Amino acid sequence: MNPVLHGLAANPSLPPQAVDRLIALADDDLADILACRPDLGRDRAVTLAARVGDSTVRLAYEGRLTAADIDPVTHPQAALALLDRRAGRPEWARFFAADPDGERRTKLAACPGLPPDVVERLAADPDVHVVAELAWWATPAVAARLAQHPHAEVRRAVAANEATPAGTLAALITGAGLPPALHCLVCDREEVPFTHDPHCPRPDCDLLPGASCDGSHESVTHDTGLAALQNPATPTGAAVHFAEHPSLLLRRALAARPDLPPAVCRRLAADPVPGVRADLAANPAIDDDLIRVLAQDRDPDVRRGLAYHPRVPLDVLTHLAGTTKTGETPLPRIASASATETEELARSRHPAVRMLVARRRDLPAGVRDVLAADPDAKVVKSIAPHPGLSAAQLRSMADRHGIRVLAKVAANPDAPPELLEELALHDPPTQKALREIAQHPRATAPALLACLENGRARPVAARHPALPPAVIVGLLVASDPQVAEAAAANPSLPPQVMLELVPQRRRLGRDQESSQLGRYG
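These remarks concern the structure in this document. (Residues numbered from 1 in each chain as written. Predicted model: local features only at pLDDT ≥ 70, side-chain atom pairs only at ≥ 80, totals over all residues. Heavy atoms only, no water.)

Moving on: the side chain of T326. Secondary-structure assignment places T326 in the loop between α21 (314-321) and α22 (332-335). For T326, a relative accessible area of 8% puts it in the buried group. Engagement of the side chain of T326 in a polar contact is seen with the side chain of R359, the distance being 2.8 Å. In this structure, T326 is in contact with A307, Y308, L331, L356 and R359, ignoring residues within four places of it in sequence. (Helix = DSSP H or I, 4+ residues; strand = E, 2+ residues; numbered from the N terminus. Buried < 20%, exposed > 50% of the residue type's maximum accessible area, 1.4 Å probe, protein only. Polar contact = N/O pair within 3.5 Å; in protein donor to acceptor, adjacent residues only side chain to side chain. Contact = heavy atoms within 4.5 Å.)

Another point: the layout of surface pockets. Here the largest pocket defines a volume of roughly 400 Å³. Lining the largest pocket are 23 residues, with L172, I173, G175, T221 and T224 positioned closest to its centre. Going through the elements one at a time, α12 (152-160), α13 (166-174) and α14 (218-229) are the ones with two or more residues in the lining of the largest pocket. Here the lining of the largest pocket is composed, by residue class, of 10 nonpolar, 11 polar and 2 charged. (1 Å grid on protein atoms, 1.4 Å probe; cavity = no way out; pocket = protein on both sides within 12 Å on 5 of 7 lines; lining within 4 Å. Points joined across faces, edges and corners; volume = space filled by probe spheres on them. Nonpolar A, V, L, I, M, F, W, Y, C, P; charged D, E, K, R; others polar.)

Grouped together as the largest cluster of nonpolar side chains are 170 residues, with contacts concentrated most on L8, L22, L108 and L280. Sequence-distant contacts of L8, defined by excluding residues within four places in its chain, comprise L14, L22, R37, A488, A489, L493, M498, L501 and V502. (Core = buried A, V, L, I, M, F, W, Y, C linked by side-chain atoms within 4.5 Å.)

The next point concerns empty space enclosed by the protein. Tallied over the entire structure, the rule returns 1 cavity of 30 Å³ or more. In this model, the largest cavity occupies a volume close to 30 Å³. In this structure, the largest cavity is lined by L314, L317, T318, I334, L345, V353 and L356. Elements supplying a minimum of two residues to the lining of the largest cavity: α21 and α24 (351-358). Broken down by element, the residue count for the lining of the largest cavity peaks at 3 residues, all from α21.

Here helix α9 (residues 116-123) has its buried residues at V118, V119, L122 and A123. The buried residues of α9 occupy an angular sector of 135° when projected down its axis, which confines them to one face. (Arc of directions from axis to C-beta.)

Next up on the list: the environment of T430. Relative to the assigned elements, T430 resides in the loop between α29 (417-424) and α30 (431-438). You can call T430 buried: its relative accessible area is 13%. Residues T430 and H199 lie 231 residues apart in sequence; the distance between their C-alpha atoms is 45 Å. Ignoring anything within four residues of it in the chain, the contact list for T430 reads I403 and L406.

Quick look at a negative patch on the surface now. The grouping of D27, D28, D29 and D54 at the surface amounts to a negative patch. Relative to the elements of secondary structure, D28 occurs in helix α3 (residues 28-34). (Patch = residues over 30% accessible without salt bridge, like charges linked within 9 Å, V, L, I, M, F, W, Y side chains within 5 Å. Areas by Shrake-Rupley, 256 points an atom, 1.4 Å probe, with all protein chains shown as cover. Salt bridge = Lys/Arg side-chain N within 4 Å of Asp/Glu carboxyl O. Lys, Arg positive; Asp, Glu negative; His and termini not counted. Charge placed at Lys NZ, Arg CZ, Asp CG, Glu CD.)

Right, let's get into unusual backbone geometry. Generally, phi is negative for residues other than glycine and the peptide bonds are trans, each holding for most cases. With omega at 0°, the peptide bond leading from V192 into P193 counts as cis. Mapped onto the fold, P193 is located in the loop between α13 and β1 (194-195). The omega torsion of the bond from D427 to P428 falls at 5°, within 30 degrees of zero and hence cis. Within the secondary structure, P428 sits in the loop between α29 and α30. Phi angles above zero are rare outside glycine, and R86 is one such case at about 60°.

As a further point, take the packing of α12 against α13. The interhelical angle for the contact between α12 and α13, taken along N-to-C directions, is 135°, at an axis separation of 10 Å. Between α12 and α13, the angle falls in the class oblique. Of the two elements, α12 crosses α13, and the hand of that crossing is left-handed. Contact residues: R155, V158 and A159 in α12; T168, L169 and L172 in α13. (Axes fitted to C-alpha atoms, helices over the stretch in contact; angles between N-to-C directions. Parallel < 35°, antiparallel > 145°, perpendicular 65-115°, else oblique. Left-handed = near helix turned anticlockwise from the far one by under 90°.)

Okay, here's the thing in structure tokens:
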């Protein structure tokens, strides 16, 4: 890997002549970056594809190549990529449906809009992986038919397909109306009963850890139920079949479904496993009475789940706020609070409640300003990135609370350049603040120079266009490849340097390159 060339390939200001030079010496990694350039164009894409054959797949997915540019015989993966984008030719689908390579047929089976005759051929494919892949994406009629496939792996894929008819999904859970499955991946290979060792020493074995079959294909049957429970198209009446199931995974999947009837919610609220109760707690299906029951749960995951419930009463949320860690994302109930509720929450006597409100980024100016003047550092830390705060307010936050809030103050989109400079030079240095400053659009050269002194912020700052060109050039020979790549990707790197870097990288050693680059410093 050549970090400078990789950075140049991603540089939005790279001169066209330099793009051509990079294409001429591209390897697989470099071609992958060049293929994503918005200014590549079809002619350069064709040239790059001829230079690096493996780049055709990325070029196809990026829309740089068309069907006229691809030969499915010489570049089958690129042709499959175009079929996946609905940009290939129907005859290609028929060509790949007969391909002896099972992986290509599997890839074809996932492509949308296949001709009906190709779908029929894939549905009858002797490789179960091909049929299962088709089942994941099949139309309702084809999915309903594949639910009767003799292989349980295909049925599991049908259960995950959201286009599968509700009646078919119910049948997959109960078995009613379907012939029994005759095979699974376990009994295809092993004499039953068999349970796959989670620490299987065989290097060529691809069975999942713990996969088992005693003749009933139990592990894939379990996974079929899990897929059906996670499928929103599965009817409620069939899903509740798992309320008493011994499998924790199945009960958790059921507890997360938003269509649960009250009786099932009450049953799951008494589940002995906290994970089930936690998933239920965040479920909008539960009512206020059950919310208040779960609010008394001693498990922190249950209380955390309840805090994310979209309709949790504010008095319950206030109770939870002081004892429950909820991260930095605004909670759904806080985000939907009315103007009156928001004002009341912002004036709560509990700092943890005020902190929840402060995480919003759409607060009325009056509420925002009240929280900006809050005496509690955690509240100020939460409100500091809110748009619209003045330089005086941000500086006051930094002065009052110091390093506890500096990173969040630096993250404010309206932080003025002079304040960013002050924060960058703060003693002692604050690593998180330096990283925020290093990527801030308003950061100035003096602030960025300070960021370059920090190992974590240095690669971020090296890419900032406000760095002086001479500094950027000096970073090209940094010992840290991340820094060198970031500097090469900096749009403020002088165009002439970009042009000279490409041939230098081709014919000079590292020491010679350093000498050449030094004259730009």
